[in-house]
Amino acid sequence: MMKVLYASAVGSRMYAMVCTRSDIRYAVGVISRFMRNPGTEHWAVFKWILRYLKGTSSVCLRFGSRKPKLEGFTDLDMSADVDSSRSTYGYVMTYAGGALSW
């Protein structure tokens, strides 16, 4: 793993994540935690992300035909994580029926 430019590769996926592919946000966040000392399993996950991107390259974000309307939805669960007793939350922002951010 010393010869692999792991940080550079993960950085390029972060750029793709921010600019065009927010669906890989969680996976890129997980592999970015190991930039200091990556193992072969982290590189395998990185290659899995690349295969996912290649397989979904024809998929795109489409807005619905409904009236253009910006909507936001949230959900919160206090102390739902039994391991850390932390709260969990989620949200989705939609425009004309298509998800913009989640």
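In case you missed it, the structure is sitting above this.
Rules used throughout
Residues numbered from 1 in each chain as written. Predicted model: local features only at pLDDT ≥ 70, side-chain atom pairs only at ≥ 80, totals over all residues. Heavy atoms only, no water. Axes fitted to C-alpha atoms, helices over the stretch in contact; angles between N-to-C directions. Helix = DSSP H or I, 4+ residues; strand = E, 2+ residues; numbered from the N terminus. Parallel < 35°, antiparallel > 145°, perpendicular 65-115°, else oblique. Left-handed = near helix turned anticlockwise from the far one by under 90°. Contact = heavy atoms within 4.5 Å. Nonpolar A, V, L, I, M, F, W, Y, C, P; charged D, E, K, R; others polar. Pairing = 2+ DSSP bridges. Buried < 20%, exposed > 50% of the residue type's maximum accessible area, 1.4 Å probe, protein only. Core = buried A, V, L, I, M, F, W, Y, C linked by side-chain atoms within 4.5 Å.

Peer 1: Sorry if this is basic, but what is going on with the packing of helix α1 (residues 6-19) against helix α3 (residues 40-55) here?
Peer 2: Helix-helix packing: each pair is described by the crossing angle between the helix axes and the interaxial distance. α3 packs onto α1 with a crossing angle of 30 degrees between their chain directions and a minimal axis gap of 11 Å. In terms of their interaxial angle, α1 and α3 are classed as roughly parallel. When the axes of α1 and α3 are compared, the crossing they make is left-handed. Two secondary-structure elements touch here, α1 through Tyr6, Ala9, Val10 and Arg13 and α3 through His42, Trp43, Phe46, Ile49, Leu50 and Leu53. Looking at the contact of α1 with α3 residue by residue, the class counts come to 8 nonpolar, 1 polar and 1 charged.

Peer 1: Sorry, what's going on with the sheet that holds strand β1 (residues 70-77) here?
Peer 2: Two modes of strand pairing occur in sheets, parallel and antiparallel, and in both the strands are linked by backbone hydrogen bonds. Strand order in the open sheet formed by 3 strands is β1-β2-β3, with antiparallel pairing between adjacent strands. The sheet is open, and its two edges are formed by β1 and β3 (98-101), each paired on a single side. Sheet twist, expressed as the average angle between the axes of neighbouring strands with direction ignored, equals 35 degrees. Taken together, the 3 bridges between strand β2 (residues 88-95) and β3 define a ladder with antiparallel strand orientation. Residue pairing for β3: tyrosine 95 is matched across the bridge by glycine 98.

Peer 1: Quick question: what am I supposed to make of the pairing of β1 here?
Peer 2: Two faces make up the sheet, and in a regular strand the side chains alternate between them. The buried fraction of β1 amounts to 0 of the 8 residues, a small share that puts the element mostly on the outside. For β1 and β2, the ladder comprises 8 bridges, and the chain directions are antiparallel. Pairing of leucine 76 across the sheet is with tyrosine 89, part of β2.

Peer 1: Just to check I follow, could you spell out the nonpolar core for this structure?
Peer 2: When a protein is soluble and globular, its nonpolar side chains tend to lie buried together. With 10 residues, the main nonpolar core is built from Tyr6, Ala9, Val10, Met17, Ile24, Val28, Ile31, Phe46, Ile49 and Leu53. Elements with a contribution of two residues or more to this core: α1, α2 (25-32) and α3. Among the elements that make up this core, the one with the highest residue count is α1 (4 residues). Beyond its immediate stretch of four places on either side in the chain, valine 28 contacts Arg13, Met14, Met17 and Ile49.

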